[in-house]
Structures are given as structure tokens and as C-alpha cells.
Amino acid sequence: MAKKRVVSIKLNGDPVEFLCEPRQTLLEVLRDTLDMTGTKEGCSNGNCGACTVLMDGRPVTSCLVLAVEAEGAEVRTVEGVACGSHLAPVQQAFLEGAALQCGICTPGFIMQTEALLAENPSPTEEQVRFYLAGNLCRCTGYDKIVRAVMCAADKRRAAMDD
Amino acid sequence: MRDFDYAVPSTLTDALALMAGASVARPLAGGTDLIDHVRTGRLAPDLLVDIKKLPELNRLEASPSGLRLGASVPCWKVIASTEISRDYTALVDSCRIIGGIQIQNRASVGGNLCNSGPAADSIPSLIALGAQCVIASKDGTREVPVEAFCTGPGKNVLQPGELLVELKFPARAVRSGSHYRRFIPRNEMDIAVVGVGASVTLDESGQRITDARIALGAVGPTPLLATDAAQALIGQAFDEVAIAKSVAAAKAIATPISDMRGTAEYRVHLVGVLLARVLKAAVARARGETFTYQPGH
Amino acid sequence: MSTNGKPKYKVIGTRPIRHDGVDKVTGRAKYGADIRLSGLLHGIVLRSPHAHARIVRIDTSRAEALAGVRAVVTAADIPPQGDRMVELGEGAVNMRHLSANVLAHDKVLYKGHAVAAVAADNVHIAEEACKLIDVEYEVLEPVLDVLKAMLPDAPVLNDDVRTDVMGGSPAASDRPTNVARQIIFTKGDVQAGFAAADVVLEREFRTGTVHQGYIEPHNATAMWNANGKVTVWMSTQGIFTARQQTAELMRIPVADVKVVPMEIGGGFGGKISVYLPPVAAALSKKTGRPVKVIMDRSAVFEATGPTPASYIKIKLGVTRDGMITAGDAYLAYEAGAFPGSPIGPGCMCVFSCYDFPNARVEGYDVCVNKPRSNAYRAPGSTNAAFAIETVVDEVCQQLGIDPADFRLKNGAKEGVRRVDGPVYSRIGMLETVEAIKASEHYQSKLAGPNQGRGIASGYWFNIGLKSAVTATVGYDGSVTLIEGSTDIGGSRTSIAMQLAETLGITAEQVTPSVVDTDSVGYTDVTGGSRVTFATGIAAIEAARDIQRQLVIRAAELWEVDPSTVTYVDGGVSGPDGKRMTFEELAHKLPETGGPVIGNGTSGKATQAGAFGTHCVDVEVDPETGKVQVLRYTVAQDVGTAIHPSYVEGQLQGGAVQGIGWALNEEYWYDDKGSMRNATYLDYRIPTCYDVPMIDTILVEVPDPQHPYGVRGVGEVPICPPPAAIANAIAAAAGVRMKQLPMSPPRIMSAIWERDAAK
């Protein structure tokens, strides 16, 4: 068996070290080694977006990243979105907008939306839909998700104006 | 997933030495195809050589003499580059639709090329833009035009121990424009049923085509340079007659298979539909008009 | 919109934040795969590479020898079932078939059929071990098409299947067959009906095999304790049916199995049948350790679900002025590997939106070498709706009748008898058509060339079945609500709201919990659009039980006769203007005897069924055949919307699943029976970039069988979309699509045929 390696990352702001095999994906390590099960596995090949995390600020499907590749990276997961007991505007918008049904895709959508709004604080509906196309939801028909993202954008802008 | 070892060299020399080593080595750039292929057993490497830390493969240099694009530069950096967005629009069109945003943050153009899928979205653009592959091994480097790189589905000219280092593009000609589009059943997240890339150069009047390169994806075992389709345009006024001739020539070299993504007949038909649309957009861009590609439509 | 002078509610109709919401937006909610137990082993299932083969030999010795492997199981480790049928909540199930589906006995019947399983220290070792299991197959010819499977010389999948002819007449033959069931319904005089028609149209349709597509793969973690008690943690639509299936499959007492519900990442009918719990249990029994098994996405596609491909022929007779005189329908549905397609509901739904004076329906359940079919949102109804609703549209086009008007003339209403027998009670089919007809969408003009508009209706029964809840009043005025209905889309809140409404408190005062099978009374599946209805009734009953007890407590406090105290407006009122709110009284419970616990069950109530009518605008690219959905409106009779946001969500989600079914989703098999598109890349469910906003019109025709008029809403919205889109395509491009999905190459072919015919 290939030698295990020690990998150091910053996870939701905190330095974390873990031991992993080269064949373990970042998703597997997050969930099974670091017990961060908020990141979900839906397809294992980058097509559903449920495992989306931010790596150095950019959304990636963690099922297609080897954990060893994350060495030195800043990784942000759904567990790191809320600030203490205060939900982020995106989370609040999803709650208020009923933008989830079963909720399995929600962490991925929230991470992808975080990235979108950091990049483009005022997206159009078209831009939202294009940016979120790599995140599949089978329950909602996307209507309330897209509305929640637009609403989150408004909330964030309002928070920044304050 | 299969057991394999992992190395992350910091110099090209070290990387080439690893690639030339005893075990079955595969270079790892974005990994968005590779990791899935290892997981599903399509590939069985003993060693993954992470090439993302190699300076030569991270190059993104646009100059008056052209563009040098390192093989591991992720799609998002291509999309974010002002120079590429201005002068090599077809490549940006491609990069924007390779997977979703998450994939584009990892996947590289070099990796898309080395994966050598017949339907790879970046390859027709690379061919249309006249890109050259710079390939290194511990014995030296060689250059291969992109249209000669792929040799079959998933196969290419890379020999054991060789590594694609960068892609070199000629400078954009004055009054030239390029575009890539594909046809997919959904609007995003699909493999191209057919993909067409084209680059055209116009004369001073903006009416006559002085140069053109056209490439087709997903209609043969490899992406194709459609020489006759381009020749049908060169020296001609850009009009429906010229487009029809180019389309006929492009369809003539398309030898698609029938599969779950479409029948051969449908794919040949799409070559014509897409080429006409691509040429109009490329010409519009050559004329300095704004054309924004709305994927899926 | 409201179609009646409905009472004003305080909680019902509002939009509180769902109780499990924060956990689900922060990643804290625990789904099936998220369980962690000490000593946990990981299981992987070895699956058949062949669609149809006899298993000659299985040798697991090399796998067992691999370091880190703890156990290997095959069908030999699952007790034999013999010939027996067991009632599993939603109907009787052939246990031999169910068992053979969990781990193949002597034959594999579809690619992906489970053959063996390994438990190891981690998934990677388990995967490697699977590759070391040697299985010798004798490959047989597969049959993959419903009509081919019905031919007398077709390869037969199951030696024990004979045609079950409904209506008591003996099976035509004692030969093994793929035709598991024949259904015939008749009403009136069909021949005379067609003779009275001015227009008779007959059309044939095909629909592809499609999957529920829930994002969370199947999972199960089992611990077989030394005392013989088995605990299963899993995401399932029904903890009690999962418990019973697991117990029956392992042939242990039901009481020895406890199923602990984890959060469930979508089901749509596909997470009722068990696949993994017996496998995990068998592995746990062998190892003495908990074993977690999770399917990968390919296994989900290849071995679970799907809903069947079908062949349907419809004949419709209509008078010149647009009155239906007769209908004749022939439906053949693919059951997959084992009998049990939704041919029954398909036959019952095909003519259900209309008043057919004369009709005949003939249906067949047919085995083919595909995964055993399972329920998918209004199972069987969407296939049928695609066929009947496009024929109706074509008739309207021929007669120059507005399709909404045709439905208003012929639509089903209270008192109409369905072809299969039942007579409708108060239903809202006509109201949904009226809502669409009056909508701004339907009234608006199309914006450009190559665009078209279509409408279609759909029906689903909605079931009642059994539910139980327990509610405990906290001394601080809160209520904890214990239920057995797993929450797939906000049902904790819609149940809590009904309890709150009945007690006159706020939804936020109620804390709902979904608990395991040892902790709550028997509750049927979250399916059949039943939870908000039936578990809602149970919650209302529990609230009434609490009311009765609180009245007695108040009477004690006030020292008055209980008959002089009433529970009203969120509190108790007694003689001489005595009044205590629920909260005030709750504070006094410790001094009046302690806890107040209300129990409620629902078991007898049935639902009246629900209807929806959809309107869609599409644009067809005449050069590529690709369809863009431009605008979409769903009108549905929702009875009473408890939480309108989640009702809208059901309508929107169902519509988009229907759009996927209509345009792109299908299993793509090669001639060896291997599914070539078992990934989300090539099994194309809609992305958000593929669809517009989905407008909803909540038509509220209360169901008299529920105290607040609730009607199940989950299933109907998937029925109309394929037909509505087909009708819109016909309007946009002049081609009638008769095969699902209406993919770009198929539409292009139809356009070429249209042009060739000109």
C-alpha cells in the first residue's frame, strides 16, 4: 500500500493536520477522518455538486480532489459558513425562502452561492442559473433556490452597506 | 479506489524523472477526469505526478508574439485572463463550458487535451487557434500541432515519460475572430454531441475572408482539422454561399458514430448547423462586434 | 386562490421556518451516510456485469484472504423464503423475488444485480476484495423491450411467473412467462360509444425507463447484536416497512429489528423497497460489528428505481362538439426483473381526468432484464397522462376546440365514476382547468417564432393508510411532537402546524421529531402523498386528546365540572368568564397531576385524489430540434395548503422532474442490456440552467375527509409535464411527439419527416 502522508490544511480558518492515503479524496477525508459530514456525496464524479467546498476561495467538487492535493490550502465547508450562532445571509435566505426540501444538496448549493456572491455581488437570474448549473437538486425545481440566491445577494449587499 | 502513490515535484526535471520511472505514472493536473477514471478503473496508474507546482506548466503569458499557456493552468484562469478573453475568444468559450464552475476551477486545458476525448470542448478551439503542443521528456522537447496530437479516443502522441508542458498560440491576426460552440441536449453539464471551433480573418473591408481554421469535435475518433471547410471560405466574400460550401466540406469529413448522444445522421446535420452559427459569430467578432455566447442556446 | 369561503386559520396557510431548517443549512443534519459508530466496517456490493445470466459458481475465497476483509456474503447467507407473499404496507410482496433482488439467487436478471458483498476495514479494501470474488456466469440472452418480452419465444426471466389474470379467470397457460399480470377494466358500451363519435383517433406511444434521481444514494448501516437484536440506521421513506422487510428477509421477528431513521436525501418512491439493510445485517451478523453500505451513483441507476418504460395505445372517440363518447387504452409496462410495475395505477389513471361514458382499459405487467421497477411519484400515471393528454390535444386541434374548454366540458367531477369503478367525491379537476384558463400566462401572447403553448392535466389518487403520533405538553407551554413519518420535504413542519392550529398555539411552540420504530406507533411510508394528510390527522387527534386532558386539568383548578369547560382559541374557557391560555395552563400541570401526553392515530381516512393542470410555453430550435422551456405554470387542487411555500415547492419540483422526463431522461441500454449512461453526466436530469421559474396557482378545494381539508400534493405535479410539453412542441413545430423523452434527435427526425411529407 502506498505510504500514508501527513497533510496540513486550514479548515474553516483553523489549522488541521491529517494522515491519509494518496487515493483518498478530500471528500472522504473531510467526512470520514475529520468528521465534517456536512459535505455530501451524491455521485463521486463531479456531476452533482453536493460535495462542493471552497478551496482557496474557489468552489470545487471535493470528490475530484485528492486529499494530498489540498496540502497548504484553505478549505471552507458548510460547517464554516455561519459565524458562530449567526447564520450567513445565504443560509438565512435558504431557510426563509423554503429553498430546500430534502436538504441533501443544500450544503453544496450554499457553498456555491457563497462563491458566486463573493465574485459577483449582484448577479442576474441568468448568471445565478449558469453559476449553479453544476449543483443538482431533484426536489425543488430550482425556483426557490434561485430566488433565495437573489435574496441572499440583496441581504449581503445590505449588510455591507450598513 | 485503486492504490497508487503520489508525488508533487517542484521542478520540471524532477517531474520528468518521475514520469520516466519504473512505475506506470500519470500526470495529475486538475484531476477532474483522471480521478474519476482511476475510481472507475478505466486507468490504473501506480503513481500520480502532481504537475500543478511546476512553473513551466503554470505559465500564462500573452505577448505580441503570441500566447503561452502552461499545461496545468486551470480553466478559470483562462476565463479570467483579459488577453485571452480579447484575443482567443474561442478558447474562453470552451473553458466556460467544460463542466460546471467547480470543474473549471480545477480542470486545465492541457488536461482536457491529454485526456484526448473526441468530444473534448477545448480541442477544436486549440486547433482553430493554431496552437502547438510543447512536449518534454528527460531527453528533450518536441512540438506537435494540436491537430496531430490526438490519435484516437483517449489516445495521443505522448510516449511513456513524456509530459505536455505548454500550448503555444500564434499572435491573433488583425481583423480576426474566433468562436467555439457545442450542441448538448441540456444547456449545461453535458458532453458535446458535436462541437465546432473556428477562427477567421477578414480583409480590410471586413467582407472577405483571408484566412480561416475550422475544427470539429465528436464526429470522429479524434477532433478534426477541417482543412477543406476552411479553404472553401478563404478568398471568398462571407455570405450564405460561402457558408454553404464550407458546411458541405465540413460534413464530408465527419464520420460520427451513433450512440446515446445522437445518431450519426443527426451529428452530421449538426456539424452544418453549428458551423454556420460559429462562422457568423467568429466573423462578427473579427469585425469588432460584440458577440456573447449563451451556452445551451 | 380559494374556491370556497374557507375558515380563517391562524397557523395553517402561514410560512414558518421549518423546524429542521437550521440543521440542514449548516450541515449538521445527519443523513444515512453520516452515521459514525465505533468499530464500523464498510461494505461494498459486487454487482452483475451481465443483464441475464445463470450463476454457475461463486468463489469468495480469494476475497476472504485479503488483509482487512472481515466477511463476505452471498445469497447463501440470506435465509430462503420459499413461496410466500407478505403484506408490506403498500401491498403484498413476493418474498422470494424481494430476496432474490437483494442478493441474486441462481440467476442475475439485470446488469447491476447484487451478487455478493464484502465488509472490510475501509471501502477501498472492500472494493479490491469485490474484484477478487470469482463468479462464473452462464450468460443468457436478455430481453429489454416490453413488447418483445411479451412474445411467446422471448427469453423468460423468472421460472415461477405465470400470468395473473385479474377478474378471476384462470391463467391462460401454465408455462413460465414474462407477462406477470393482465388487467381489464370496462365501463359502458365501448363499441356503441365509438359508433357515436364523429372523430376517432388512435395513437401509439412509447416512454423510456426513468429514474427517481434523488441526490442521496441508498445507504444502510446495520448492527446485529449478540442478543439477536438488529439495529438499522438508514435513510428510508418508511421506517416500519424497512423494519418489516428486513425482518422478513432475514426471517427474524419484526420486534427484533429496530430501524433508526436518518435524514433522507430524496426518495420520490424509490426509497421504500429495501436493498441494503439485509446485506448490511448479514455482514454484521458474520463480523459482530456494525457495517455501513452505501451505493455509488452507478449502482443507484443500475440497481434501484426505476419507473418503467412503456408501450401505450389510445383510441379516443369524440363528437363534433367536443364530447367524449368512448375510450380504449392498451398499456404494457416494464416491471423490470420481477413482477410489480405500476400497471395497476397506470390503468386506473389513464382516463381518470375525464368523464368517459364508455371505456375499456387493458394492461400488462411485463418482466424485462432491467432493474426491478419501483414507485416514482404518481407511479404509472405520468406514462398514461403523456398518451391520453396528447391524444386529447390532437382531437382539440382537429376540431378547433380550445383544449381548456374541452377539459371543462369533459373533465371529471364529483359523482363521476372512473373506469375502474370508484366514484369521485369532491375533487378539483375543473377548478384547475379554470385556473389555467384564467391565468395571465394562458391569456398572454407568445413572444416569437418557433414557440408554442401546451396544456395537460393529470391525476393521482393520494392514499391514506396508517400513522401515529405522540405529543407531550411541556410545562413551559411547548409541545414535543413524536412521529414516524420521515421528513423528505418539510413534513415535520406541516404536521406540527396542524397540531399547533388545533391547540391554538404557534408552530414554533411545537418541536417535532422523527423517531425510530421502537419509539412511536406504526406509521406507513412517506409516500402516496399521504403524510400531510394522514399523519396530519394523527397530529390533530393528538391535539384533541391534549385538549380533552387540559379541560379536565382546568376544571380541577377551577373546581368546576369538566362539562362546563371548553377548549377554544388556544386556551380553556370556563364558567363566569374563567380563562387560561394553553401556556398558562401548561405552567400549572405539575400541580395538577403532571405530564399531559396526547396520542393520535389515523387509519381509516382515505383521500379524494388530486388533479393538476399545467401550461407551458416552449421554443423549438428548428435546426437542432432542441426545446427550451420558456414559461411554466402549474395549477393544482391542493385542498388546503398548510405551508404554502412547501406546497409550491412540491408543485415546482414535480413539474421539473416531469420536464426532465419529457425532454432528456432515459436509460440508454446497449443490446447486451448494459446501461451506458449510469451517471448524472449522461442521465440528464435538469440543471437550474435548463428551466425557468415555475409559477404556481394553488387551487384550494378542501378534501372533506380531512379536518382542515388537506389534499396530498406531492405526486400529481409530475403527471402533466410530458404531455403539456408535447402539446407545446406540436404547436411550435407542427410535430406530434409520441415517444419519451422528446430529445433533440427525436424532434429533429420528426421535423424531417414532417418536411418530407409536405
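Computed from a predicted structure; not experimentally measured. (Residues numbered from 1 in each chain as written. Chains lettered and ligands numbered in written order. Predicted model: local features only at pLDDT ≥ 70, side-chain atom pairs only at ≥ 80, totals over all residues. Heavy atoms only, no water.)

S.K.: Help me understand the overall build of chain B in this model?
M.R.: Helix and strand counts for chain B stand at 11 helices and 14 strands. Relative to its length of 297 residues, chain B is compact, with a C-alpha radius of gyration of 19 Å against a globular reference of 19 Å. Here the C-alpha coordinates of chain B stretch approximately 55 × 45 × 30 Å along the principal axes. Each of the 297 residues in chain B was classed as buried or not, and the buried ones make up 60%. Looking at chain B alone, contacts between residues at least 24 apart form 61% of all its contacts between residues at least 6 apart. Accessible surface computed for chain B: about 10700 Å², of which carbon and sulfur atoms make up 52%. Positive and negative side-chain charges in chain B, numbering 31 and 29 respectively, have mean positions lying 3 Å apart. (Helix = DSSP H or I, 4+ residues; strand = E, 2+ residues; numbered from the N terminus. Rg over C-alpha atoms; globule rule 2.2 N^0.38 Å. Buried < 20%, exposed > 50% of the residue type's maximum accessible area, 1.4 Å probe, protein only. Contact = heavy atoms within 4.5 Å. Areas by Shrake-Rupley, 256 points an atom, 1.4 Å probe, with all protein chains shown as cover. Lys, Arg positive; Asp, Glu negative; His and termini not counted. Charge placed at Lys NZ, Arg CZ, Asp CG, Glu CD.)

S.K.: Mind showing me how you'd approach the overall build of chain A here?
M.R.: A tally of helices and strands in chain A yields 5 helices and 5 strands. In chain A, the order of α-helices and β-strands from amino to carboxyl end is β-β-α-β-β-β-α-α-α-α. The C-alpha atoms of chain A give 16 Å as radius of gyration, which agrees with the globular expectation for 162 residues (15 Å, within 12%). Looking at chain A as a whole, 66% of its 162 residues qualify as buried. Of the roughly 5200 Å² of accessible surface on chain A, 48% is carried by carbon and sulfur atoms. The distance from the centre of the 16 positive side-chain charges to the centre of the 21 negative ones in chain A is 3 Å.

S.K.: What exactly am I supposed to notice about the domain arrangement of chain B here?
M.R.: Residue and element names in this part refer to chain B. Looking at chain B, the domain boundaries give domain 1 (5-50), domain 2 (55-170) and domain 3 (176-286). The distance between the C-alpha centroids of domain 2 and domain 3 comes to 20 Å. With 26 residues of domain 2 in contact, the opposing surface of domain 3 contributes 23 residues. Summed over both sides, the interface between domain 2 and domain 3 buries roughly 1800 Å², with carbon and sulfur atoms accounting for 60% of that surface. Its largest share of buried area at the contact with domain 3, domain 2 owes to Pro118, Pro124 and Ala128, together 27% of the area lost on that side. Here domain 2 is connected to domain 3 by 3 salt bridges. (Domains from an automatic or database assignment. Buried area = accessible area lost by both parts, 1.4 Å probe. Salt bridge = Lys/Arg side-chain N within 4 Å of Asp/Glu carboxyl O.)

S.K.: Would you take a moment to explain helix α19 (residues 721-733) of chain C for this structure?
M.R.: Think of an α-helix as 3.6 residues a turn; residues three or four steps apart then line up on the same face. All names here are of chain C. Under the 1.5 Å per step criterion, the end-to-end length of α19 is 18 Å for 13 residues, consistent within 8% with the ideal 18 Å. Within α19, burial applies to Pro721, Pro722, Ala723, Ala724, Ile725, Ala726, Asn727, Ala728, Ile729, Ala730, Ala732 and Ala733. Residues of α19 that are buried make contact with α11 (381-399), β19 (451-460), β27 (610-620), β28 (627-637), α18 (644-663) and α20 (744-757). The first or second residue beyond α19 is glycine 734, which carries a positive phi of 70°. (Expected span 1.5 Å × (residues − 1).)

S.K.: When you look at the interface of chain C and chain A in this model, what are you seeing that I'm missing?
M.R.: Reports of interface size often rely on the accessible area that becomes lost once the parts have come together. Facing the 58 residues of chain C at the interface are 51 residues of chain A. Of the roughly 4500 Å² buried at the junction of chain C and chain A (both faces included), carbon and sulfur atoms supply 57%. Counting the surface chain C buries against chain A, the share from its top three residues, Val25(C), Cys688(C) and Met693(C), is 17%. Joining chain C to chain A, the criterion identifies 6 salt bridges. Those elements that place two or more of their residues in the side of chain C that touches chain A are α1 (21-26), α4 (123-131), α18 and β29 (694-699) of chain C. At 9 residues, α18(C) tops the list of elements feeding residues into the side of chain C that touches chain A.

S.K.: It is not clear to me how the interface of chain B and chain C should be interpreted in this structure. Could you clarify?
M.R.: Residue-level contacts link 26 residues of chain B with 26 residues of chain C. Between Arg277(B) and Glu623(C) there is a salt bridge; the shortest N-O distance is 2.7 Å. Our enumeration of links across chain B and chain C arrives at 21 residue pairs in polar contact (both at pLDDT 80 or more). Broken down by element, the side of chain B that touches chain C gets its largest block of residues, 6 residues, from helix α11 (residues 264-286) of chain B. (Polar contact = N/O pair within 3.5 Å; in protein donor to acceptor, adjacent residues only side chain to side chain.)

S.K.: For this particular structure, what's the right way to read the sheet that holds strand β13 (residues 230-234) of chain C?
M.R.: Within a sheet, adjacent strands bond to each other through the backbone by hydrogen bonds, running parallel or antiparallel. Residue and element names in this part refer to chain C. Pairing is mixed in the open sheet, where 7 strands are placed in the order β3-β7-β1-β15-β12-β13-β14. Only two strands of the sheet have a single neighbouring strand rather than two, namely β3 (69-74) and β14 (257-261). Strand-to-strand twist of the sheet, defined as the mean angle between neighbouring strand axes without regard to direction, takes the value 25°. Of the strand pairs in this sheet, β3 and strand β7 (residues 114-120) are connected by 5 bridges, and their pairing is antiparallel. By the bridge assignment for β7, valine 72 is matched with valine 118. Sitting on the sheet, helix α7 (residues 239-250) touches β12 (219-224), β13 and β14, and the angle it makes with β14 is about 145°. (Pairing = 2+ DSSP bridges. Axes fitted to C-alpha atoms, helices over the stretch in contact; angles between N-to-C directions.)

S.K.: Help me understand the domain arrangement of chain A, please; the structure alone is not making it clear to me.
M.R.: Residue and element names in this part refer to chain A. Domain annotation for chain A reports domain 1 (5-80) and domain 2 (89-161). For domain 1 versus domain 2, the distance between C-alpha centres works out to 21 Å. Each partner contributes residues to the interface: domain 1 has 14 residues there, and domain 2 has 13 residues. For the domain 1 and domain 2 pair, buried surface summed over both sides reaches about 1100 Å², with 61% attributable to carbon and sulfur atoms. It is Thr52, Pro59 and Val78 in domain 1 that bury the most area against domain 2; as a group they hold 37% of the surface buried on that side. Inspection of the domain 1/domain 2 interface yields 1 salt bridge.

S.K.: Is there a simple way to think about the pattern of salt bridges in this case?
M.R.: Any two side chains of opposite charge can pair if their charged atoms end up close together. Residues and elements named next belong to chain C. Enumeration according to the criterion identifies 79 salt bridges over all chains in this entry. The salt bridge involving aspartate 637 is made with arginine 711; its shortest N-O contact spans 2.8 Å. Separated by 74 residues along the polypeptide, aspartate 637 in strand β28 and arginine 711 in the loop between β29 and α19 bring together distant segments of the chain. Overall, the relative accessible area of 0% leaves aspartate 637 in the buried class. Each member of the salt-bridge network shares a partner with another, and the members are Arg18, Asp20, Lys24, Glu263, Asp487 and Arg492.

S.K.: I keep staring at the side chain of Thr177(C) and nothing clicks. Help me out?
M.R.: Mapped onto the secondary structure, Thr177(C) falls in the loop between β9 (164-165) and β10 (179-187). Excluding anything up to four places from it in sequence, Thr177(C) contacts Val156(C), Asn158(C), Val161(C), Arg162(C) and Thr163(C).

S.K.: What should I look at first to understand the nonpolar core in this one?
M.R.: General note: in soluble globular proteins, nonpolar side chains tend to be found buried as a group. If you look at the biggest cluster of nonpolar residues, it comprises 236 residues, and the most contacted ones within it are Phe94(A), Ile214(B), Ile314(C), Leu331(C), Phe351(C), Ile729(C) and Met742(C). It is α11(B) that provides the largest number of residues to this core, a total of 11 residues. If sequence neighbours within four positions are ignored, Met742(C) has contacts with Phe386(C), Ala662(C), Leu663(C), Pro722(C), Ile725(C), Ala726(C), Ile729(C), Met737(C) and Ile747(C). One finds Val7(A), Leu67(B), Ala131(B) and Leu163(B) within the second-largest nonpolar core, a separate group that totals 88 residues. (Core = buried A, V, L, I, M, F, W, Y, C linked by side-chain atoms within 4.5 Å.)

S.K.: How do you make sense of the packing of α11(C) against α19(C) when you look at a structure like this?
M.R.: Pairs of packed helices are described in terms of their axes, by the angle between the two and the distance that separates them. Residues and elements named next belong to chain C. Put simply, α11 and α19 touch, their axes get as near as 7 Å, and they point 30° apart. In terms of axis orientation, α11 runs roughly parallel to α19. As for how α11 packs across α19, the hand of that crossing is right-handed. Contacts from Thr382, Ala385, Phe386, Glu389, Thr390 and Asp393 in α11 reach Pro722, Ala723, Ala726 and Asn727 in α19. Its residues assigned to classes, the contact of α11 with α19 shows 5 nonpolar, 3 polar and 2 charged. (Parallel < 35°, antiparallel > 145°, perpendicular 65-115°, else oblique. Left-handed = near helix turned anticlockwise from the far one by under 90°. Nonpolar A, V, L, I, M, F, W, Y, C, P; charged D, E, K, R; others polar.)

S.K.: Even after reading the chapter, I still don't get unusual backbone geometry, so can you show me in this structure?
M.R.: Among all residues save glycine, negative phi is the norm, and among peptide bonds the norm is trans. All names here are of chain C. Of the consecutive residues leucine 740 and proline 741, the connecting peptide bond is found in the cis state with omega at -5°. Within the element layout of this structure, proline 741 appears in the loop between α19 and α20. The backbone phi angle of aspartate 569 is positive, close to 50°, even though this residue is not glycine. Position of aspartate 569 relative to the elements: it lies in the loop between β23 (566-568) and β24 (571-573). Unusually for a residue other than glycine, aspartate 576 sits at a positive phi of about 60°. Here aspartate 576 lies in the loop between β24 and β25 (579-581).

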